[in-house]
Amino acid sequence: MTTKTSPRIGNLMTVHPITVEADASVHEAELLLKTYHIGGLPVVSNGALVGVISQTDMLNARSSELIGANWDRVRVRHLMTQPAVTVHMSASPVHAARLMLERHIHRVVVVDDDDTPIGVVTTIDLLRLLLPDEEE
């Protein structure tokens, strides 16, 4: 008899997430988002996870006259959402989905036992669970 085990976040996440330093310019964050075709970045400081910055964070900030006028001096730490919403790699997809719904966010950072960021799970990753694999 085979039992089907529920997938864990560690099986769904994008591994080795692209990160940005908290003191980096928002220009650098924008370039990373465009280069890697992603919507958000975990933000680190001295290797520790301190927040997340998303395209939405930057769009909202740019729409502010004061921030937009000083865009060249804006750092990631000024716009990031903190603290980052995280889930452990052994968490269930349902747990991650609940966090995203409750907090109105599109991604959670996946951490290991030492709270080191090891991946990112997005709403798209969770939607893939609902659709059958076309190649099978």
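That block above? That's the structure.
Residues numbered from 1 in each chain as written. Predicted model: local features only at pLDDT ≥ 70, side-chain atom pairs only at ≥ 80, totals over all residues. Heavy atoms only, no water.

## Focus on the overall build of the protein
- Of regular secondary structure, the protein possesses 7 helices and 7 strands.
- Listing each helix as α and each strand as β along the protein from the N terminus yields α-β-β-α-β-β-α-α-α-β-α-β-β-α.
- Oriented by its inertia axes, the alpha-carbon framework of the protein measures out at about 65 × 35 × 30 Å.
- Out of the 136 residues belonging to the protein, those deemed buried represent 37%.
- A fraction of 54% describes how many contacts in the protein between residues 6 or more apart in sequence connect residues 24 or more apart.
- The average position of the 11 basic charges and that of the 17 acidic charges among the side chains of the protein differ by 5 Å. (Helix = DSSP H or I, 4+ residues; strand = E, 2+ residues; numbered from the N terminus. Buried < 20%, exposed > 50% of the residue type's maximum accessible area, 1.4 Å probe, protein only. Contact = heavy atoms within 4.5 Å. Lys, Arg positive; Asp, Glu negative; His and termini not counted. Charge placed at Lys NZ, Arg CZ, Asp CG, Glu CD.)

## Focus on the sheet that holds strand β2 (residues 20–21)
- Spatial strand order, β2-β3-β4: 3 strands in an open sheet with mixed pairing. One side of each edge strand has no neighbouring strand; the edge strands of this open sheet are β2 and β4 (48–54).
- In this structure, strand β3 (residues 40–45) lies alongside β4, joined through 6 bridges in antiparallel fashion. By the bridge assignment for β4, Val43 is matched with Gly51.
- Strands in contact with helix α2 (residues 26–36) are β2, β3 and β4; relative to β3, the strand with the most contacts, it is inclined by about 135°. (Pairing = 2+ DSSP bridges. Axes fitted to C-alpha atoms, helices over the stretch in contact; angles between N-to-C directions.)

## Structural notes on the nonpolar core
- With 17 residues, the main nonpolar core has Val20, Ile53, Met58 and Leu79 as its most contacted residues.
- Going through the elements one at a time, α2, β3, α3 (55–62) and α5 (76–79) are the ones with two or more residues in this core.
- Sort the elements by how many residues they give to this core and α2 lands first, with 4 residues.
- The contacts of Met58, once residues within four sequence positions are left out, are Val26, Ala29, Glu30, Leu33, Ile53, Trp71 and Leu79. (Core = buried A, V, L, I, M, F, W, Y, C linked by side-chain atoms within 4.5 Å.)

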